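# Remarks on the overall topology
These are the residues of each chain, in order.
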Amino acid sequence: MHMLQCHRLQLFLTPLQWEQLGLDDYPEIVENPLDLLTICRKLESGSYNDRFGLVNPELLFDDVALCWANCKKYFEDDDECDLVKIADTLAHIASSKEEKFYRNLEEFEAALEKNPLLTEVTLHVSVNAKSLKGVIQEAAQTSQRNTLLLTQRAVECAAELWQGRHDEEVLTPWESNEALMGIKWPARFSKAITIVRETVRRVPLSLLTSEKAVESFVKPLVNSIGSTVARLNLPAGIQVLPDEIHGVRGEWIAPVSWKLRTRTKRLLIWAHGGGFVLCSPATHRHFLGQIVEHTGIPAFLVDFRKPPHFPFPAPVNDILVVYEGILARGYADRVFLGGDSAGGNLVLCVARSLAEAEELPCPAGLILLSPWVDLSDTSQESWAKYSEIDYIPPAQAQVIAEIYAKDVPLADVRVSPGRCTHWPKAFPRTLLDYGSCEVFRSQIERLAQSMDECGVDLNVSGEDGMVHCYPQLEYLWGTETEGPFALYFERLSAFLKAKKKKN
């Protein structure tokens, strides 16, 4: 029996020095020696982190348990040994902490339903409760329990911000950036963009990379919230008509006087944004409704297939199929393509392929709103300059880009058309709009320069002090001051209604 000496209490608090402690046989008896200081250092160095930078709780708890198990093994579980008693006590404490950690996770869903701050979020999540429970179970099985806890904190933060119950320092960056922005935003708009930015930043990367989590929780939540906003704000005199074109579903957003499948002079096909993975026609009804309201031109919102089940090139192919189908059916004399954010990427790829192939007529025009055109870019000047103004974080953007591109390198022009240096002569005239304070500004301006050098008929505008896809955010602006939104719709209307140039 090994007798305990007082100085041996250092055994599990400092790196093991067997000979100085008189424990020459310790490495022979304990196969995997471990001490608390080593555990602390492993925590600080990120040794317990998963590939998303989050601590894997199972690894940490396993090492703590091993520390006390080693002590008991060396002293042969001698109940009379003081150090064994200490090890038993500390092992019990660690076990209690571990149980509490996982119990908190299991209470996540209940917290969503009971917390009064989360009433609005619960309204949308409740319809997916069964799926959400499956996500929680999957997360537990794959050691990503911390992912959902972080998600809970993100949602709580958003709710607290919206209700004015969060610390006000989160809003201070807007004041310090007014000089950079060039304008002063209404308080309501500043608050709303801050909520979006801070919430998106808190979305755990591991939640985005879990296919089941994306399909069962993230997509339904985003779509249900977005579609609710769209229904509440759909402009008067606008109708929504579900349709399917050559097997691809979508929605017509059109004046109530327009009849389905009747020929018209002009028609717009739109690919919605949402990082390729998220959103739907429903989330963009309000915005397309505004376009139709200002132009009188019907628009088909494509419900293209999405990652993670359908990565590149499926979304691009769906846009192309819809374009070919509408041409084949003769719905319009002139067909335009348009898209925002990731949707801008998709229609840009389609327009480029059509211009290069010269097999089908090119679109009458291309409309790009804040297009995400270089998936490999998260470090150009605009990312650093406008990260505290815009609402898209680079880490989450990188993960989304990889989900969409899958096996294609992010710098490949097939997924990053903004890196293209040659644009065909047959490329359609293009309307390009973006916010001067959006993180994609650098890549958008590089695209504009490249297209201009190749002779593309380009009409480009960067709106001062505005963020990503700013025309879609008019309903958040309020009535305090007049925003720049009407100017955008006037530009868009003039572009769509311009007479066709003679060759």
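One structure accompanies this document, and this report is about it. Keep in mind the model is a prediction, meaning the values are calculated, not measured. (Residues numbered from 1 in each chain as written. Predicted model: local features only at pLDDT ≥ 70, side-chain atom pairs only at ≥ 80, totals over all residues. Heavy atoms only, no water.)

This brings us to the pattern of salt bridges. What the rule picks out here adds up to 12 salt bridges. With a shortest N-O distance of 2.6 Å, Asp333 and Arg263 are connected by a salt bridge. Of the two residues, Asp333 is situated in strand β5 (residues 332-340) and Arg263 in the loop between β2 (248-255) and β3 (264-271); the sequence distance between them amounts to 70 residues. Its relative accessible area of 52% is what places Arg263 among the exposed residues. In this structure, Arg305 and Asp318 form a salt bridge, with 3.0 Å as the shortest nitrogen-oxygen distance. (Salt bridge = Lys/Arg side-chain N within 4 Å of Asp/Glu carboxyl O. Helix = DSSP H or I, 4+ residues; strand = E, 2+ residues; numbered from the N terminus. Buried < 20%, exposed > 50% of the residue type's maximum accessible area, 1.4 Å probe, protein only.)

Here we come to the pairing of β2. In terms of burial, β2 is a largely internal element, 7 of the 8 residues being buried. Bridge count between strand β1 (residues 238-245) and β2: 8 bridges; the pairing is antiparallel. Opposite Ile238, over in β2, you have Pro255 as the bridge partner. Judged from the 4 bridges that link them, β2 and strand β4 (residues 299-302) form a sheet pairing that is antiparallel. Bridged to Ile253 within β4 is Ala299. (Pairing = 2+ DSSP bridges.)

For the rest of this paragraph, the subject is the environment of Cys437. For Cys437, the location among the structural elements is in the loop between β7 (430-435) and α19 (441-453). If near-sequence neighbours (up to four positions away) are discounted, Cys437 is found in contact with Leu180, Met181, Tyr386, Ile389, Asp390, Gly465, Met466 and Val467. (Contact = heavy atoms within 4.5 Å.)

At a minimum axis separation of 9 Å, helix α15 (residues 314-329) and helix α16 (residues 342-357) run at an interaxial angle of 60 degrees. What the angle tells us is that α15 and α16 run oblique. The handedness of the crossing between α15 and α16 comes out as right-handed. Only Leu346, Val347, Cys349, Val350 and Leu354 of α16 make contact with α15, whose side of the interface consists of Pro315, Val316, Ile319, Leu320 and Tyr323. Of the residues in the contact of α15 with α16, the class split is 10 nonpolar, no polar and no charged. (Axes fitted to C-alpha atoms, helices over the stretch in contact; angles between N-to-C directions. Parallel < 35°, antiparallel > 145°, perpendicular 65-115°, else oblique. Left-handed = near helix turned anticlockwise from the far one by under 90°. Nonpolar A, V, L, I, M, F, W, Y, C, P; charged D, E, K, R; others polar.)

Turning our eyes to something else, we now look at the sheet that holds strand β8 (residues 458-463). Spatial strand order, β1-β2-β4-β3-β5-β6-β7-β8: 8 strands in an open sheet with mixed pairing. Two strands bound the open sheet, and with one partner strand each, they are β1 and β8. Neighbour-to-neighbour, the strand axes of the sheet open up by a mean angle of 20 degrees, direction not taken into account. Pairing of β5 with strand β6 (residues 365-369) involves 5 bridges; the strand directions are parallel. Counted as the bridge partner of Leu337 is Leu366 from β6. Set on the sheet, helix α14 (residues 285-295) makes contact with β1, β2, β3, β4 and β6; between it and β2 the angle comes to about 45 degrees. Strand contacts of α19: β6, β7 and β8, with the helix running at about 155 degrees to β7, the strand carrying the most contacts.

Across 6 bridges, β7 lies against β8 in parallel orientation. Paired with Gly435 across the strands is Glu463, a residue of β8. Each parallel crossover has a hand, and the one from β7 via α19 to β8 is right-handed. (Right-handed = clockwise from strand over helix to strand, strands pointing away.)

Over its 18 residues, helix α3 (residues 57-74) extends 26 Å from the first C-alpha to the last, a length consistent with the 26 Å expected when each residue adds 1.5 Å. Along α3, the positions that sit buried rather than exposed are Pro57, Leu60, Phe61, Asp63, Val64, Cys67, Trp68, Asn70, Cys71 and Tyr74. Glu76 sits one or two residues past α3 and shows a positive phi near 55 degrees. (Expected span 1.5 Å × (residues − 1).)

To describe a pair of aromatic rings, one takes the distance between the centres and the angle between the planes. Scanning the model with the defined rule gives 19 aromatic pairs in all. Between Trp252 and Trp258, the aromatic rings sit 5.0 Å apart at their centres with planes inclined by 45 degrees, giving tilted as the arrangement. Note on accessibility: Trp252 and Trp258 belong to one class, buried. An angle of 70 degrees between the planes, with centres 6.3 Å apart, marks the rings of Tyr470 and Tyr488 as edge-to-face. Within this pair, whereas Tyr470 is found in the loop between β8 and α20 (485-497), its partner Tyr488 is found in helix α20, the two being separated by 18 residues in sequence. For Tyr470, a relative accessible area of 1% puts it in the buried group. A relative accessible area of 1% means that Tyr488 is categorised as buried. Site record: aromatic cluster; members linked through ring pairs are Trp185, Phe189, Trp270, Phe287, Tyr470, Trp477, Phe485, Tyr488 and Phe489. Stacked on the ring of Phe304, the Lys or Arg Lys306 has its end atom at 4.4 Å from the ring centre. (Phe/Tyr/Trp six-rings, centres within 6.5 Å; stacked < 30°, edge-to-face > 60°. Lys NZ or Arg CZ within 6 Å of the ring centre and 35° of its normal.)

These results come straight from atomic positions and should not be treated as a statement about function.
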